[in-house]
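Listed below are the residues making up each chain.
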Amino acid sequence: MGVNSKIKGGSRMTQTMRPWIRATQILKVGLVAGVVALALAACGGGGGSSSGGSVPTTLTGTAAAGAPIIGTVTIKDSTAPVAKTKTVTIEADGKYTVDVSDLVAPYMVRADGRVGGNQYHLYSAATAEDVGGTINITPLTDLIVANIAGSVAQTYFDKGDFSSLTATQLKTQSDALAAKLAPILTAVGVSGSIDLLRASFSTDHTGLDAALDILRVSTDTSTNVATITNIVTQQKMTANISTGTYSGELTDTTGVATAATDIQKISSGFKKFSDLFAKGLPSETNPTLLALFDAETFLEGGQDRDSFLSEITTDPSMVGISFTNITIKSMEMATSTALVGFTVFQHGAQMSDAPEAWYMIKRDGAWYMQGDQRVAGVEIEPRAEYHMSESGNPITTGLMVDINDRGGRNITRAVVTGAGLPAGGVTLVNNIERDYFEIVGQNNGNHYAMTDAAINEIAESGEVYTAKLYDASGLVATYTVTLGKRPYLASELTVAKFPVITTPTLAELRTFVGGAATVAWTMPEGLSNDWLDVGINDNAGNSAIFEAELLPADTSKSFTLDPVTSTGQHFTVTGGWLWLTGYDSDGRMLSTAMW
């Protein structure tokens, strides 16, 4: 197979990577519109009491940051000289439970995962008195622990010097923070004396969860100052975690109660969207579906509302899609607009490259979806590839850059800049014949291979890249994309980390000239099914392609490829390709390819 076929196979895969992308080919970039939500009061919780004389052995609670954290909880105990740790998975509603019967109190607890496209590492703590009760993990508990430690909570956790932590310290700092937040808490129906560590709550945009929708906590590790922001009024308060003292007030609650109601309306709208696709495909003219979108302003990767709905309502892979974990990224009360983050699930698994945010607008008391408001699709993701066909070093790693002119804006090129890339950035040009943008100066399609030195310039998470799109007249638009996780270093990768293709062999693929075929594979531990792309071609640019979004339990796919062009002409096969992709818990793609 020639180089052109190799590029085509790789590019088709990256363009149609997952069912959502195949349906819209643009929803891979961050988007959404939102607002804030809040309501009702949270119940009290905690304590180490037991019933029937049984001895409590567990800690339980909710891990959330405006929505349930999708990830894990790790508990670390006070065993000396080497602390013990345990890790458990957080449930879909943010709840976790860990058995501490073989651990020594006091404990530090860490939640690791994602909310609305952002990576979180949040901390909390517990003492022996808390066993059998509730210990939450939120941005507020993280600040409580930091105020006790006099340093960022991560340092306290990593050093393991929390053996002297007491219940009194936890209560004192929890009460102090609750008192400072009392105006916001009261506005959403929560008592200002709530125990932020131990109060049981549900991630349903009411009670304490409503307060978490409104409040944002960010910490400057160089100054040890945390800033708490009311995203409705933009009023701020700071906490010096070196001294455990606060400056400023969050007394302005203008619009907070309205925001609480609004976020519930927004969440309800996304549930309606999910319900329509739960067991089938709705009509593109379904009144309930149409009522969710703003026809005048909707734009998703260049597509207007009607084009977007036409695609997703005719794609079988959309069945079972759900939009959950609604969180507020920003909102503007004056213009009745918001940016809302969410998570997309299919068949119970999180989709790593689905949309993560949409803009929204409020008209006559109702909220409508506006899409990402971008004139084209822009996707930048970590990706590693294992090329079975190549000798020497068959593994490459770097960034997949997917630019898609779905809106037909005649975009001719794009320039992407950011950490680990050349000083002038990476230029991509629109290869119309192959229906994708390819990177200039390399033969890897839209996968930019990087050295470990370049990857080490990238932040572990949250690195931002800028994409500028041009047409014949000049600059069309500028967008940013945030990485959830940096790419794998080459030194971190071995062949064993990639999907294993058991059928066909390389020799069998090279003699395949069409007809019925089966691809079978296994995924290594920690990797989930993503996408399969198989094709045959001739030297004149003709090809026949099979593409499939893979379900979590799939281990094989059967299909038939006929060497016939779209106009019905038979062609002589001279080559073929196969790409199989999985993704890890951070959404990083790993592909095995042969040609």
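Residues numbered from 1 in each chain as written. Predicted model: local features only at pLDDT ≥ 70, side-chain atom pairs only at ≥ 80, totals over all residues. Heavy atoms only, no water.

Trainee: Just checking my understanding: could you explain the sheet that holds strand β24 (residues 500-503) for this structure?
Mentor: Strand-to-strand pairing in sheets goes through backbone hydrogen bonds, with the strands running parallel or antiparallel. With antiparallel pairing, the 3 strands of this open sheet are ordered in space as β24-β25-β28. Of all strands in the sheet, those bounded by a partner on one side alone are β24 and β28 (556-561). For this sheet the average axis-to-axis angle between neighbouring strands, irrespective of direction, equals 30 degrees. Where β24 and strand β25 (residues 515-522) come together, 3 bridges link them in antiparallel fashion. Pairing of T503 across the sheet is with A520, part of β25. (Pairing = 2+ DSSP bridges. Helix = DSSP H or I, 4+ residues; strand = E, 2+ residues; numbered from the N terminus. Axes fitted to C-alpha atoms, helices over the stretch in contact; angles between N-to-C directions.)

Trainee: Sorry, what's going on with the confidence of the model for the chain here?
Mentor: For any part of a model where pLDDT is low, the fine detail of the predicted coordinates should not be relied upon. Across the chain, pLDDT averages 88, with 90% of residues at or above 70. Across residues 1-51, confidence stays below pLDDT 50; counting only partners more than four residues off in sequence or on other chains, it has 261 contacts. (pLDDT = per-residue confidence, 0-100. Contact = heavy atoms within 4.5 Å.)

Trainee: Hey, could you run me through unusual backbone geometry in this one?
Mentor: One can expect most non-glycine residues to show negative phi and most peptide bonds to be in trans. Note that the residue after A105, namely P106, is joined by a cis bond; omega there is -5 degrees. Here P106 lies in the loop between β4 (95-99) and β5 (107-115). Residue P504 is bonded to the preceding T503 through a cis peptide linkage, with omega at 0 degrees. On the secondary structure map, P504 appears in the loop between β24 and α12 (506-510). One non-glycine residue, Q234, adopts positive backbone phi at about 70 degrees. Within the secondary structure layout, Q234 lies in the loop between β8 (225-230) and β9 (236-240).

Trainee: Just checking my understanding: could you explain the sheet that holds strand β29 (residues 575-583) for this structure?
Mentor: Taken together, 7 strands build an open sheet; the order of strands is β21-β17-β16-β30-β29-β26-β27 and the sheet is mixed. At either end of the open sheet lies a strand with only one pairing partner, and these are β21 (447-449) and β27 (543-549). In this sheet, neighbouring strand axes are inclined to one another by 25 degrees on average, regardless of whether the strands run parallel or antiparallel. Where strand β17 (residues 395-404) and β21 come together, 3 bridges link them in antiparallel fashion. Each residue of the ladder has a partner; that of L399, found in β21, is Y448.

Trainee: Where do I start with the side chain of N230 in this structure?
Mentor: Along the chain, N230 turns up in strand β8. We classify N230 as buried; its relative accessible area is 0%. Of note is the side chain of N230, whose polar atom sits 2.8 Å from the backbone nitrogen of V232. Here the side chain of N230 touches T233 through a polar contact of 3.2 Å, side chain to side chain. The residues touching N230, leaving out its near neighbours within four places in the chain, are I184, I214, Q235, L250, D252 and V256. (Buried < 20%, exposed > 50% of the residue type's maximum accessible area, 1.4 Å probe, protein only. Polar contact = N/O pair within 3.5 Å; in protein donor to acceptor, adjacent residues only side chain to side chain.)

Trainee: What is the right way to read the side chain of T134 from this model?
Mentor: You can see T134 is positioned in the loop between β6 (118-126) and α3 (139-149). Among the polar contacts listed, one links the side chain of T134 to the side chain of S200, at a separation of 3.3 Å.

Trainee: Help me understand α3, please; the structure alone is not making it clear to me.
Mentor: Because the α-helix completes a turn every 3.6 residues, residues three or four places apart line up on one side. The buried fraction of α3 amounts to 10 of the 11 residues, a majority that puts the element mostly inside the structure. Regarding α3, the residues found buried are P139, L140, T141, D142, L143, I144, V145, A146, N147 and I148. Downstream of α3 by one or two residues, G150 has phi in the positive range, about 75 degrees.

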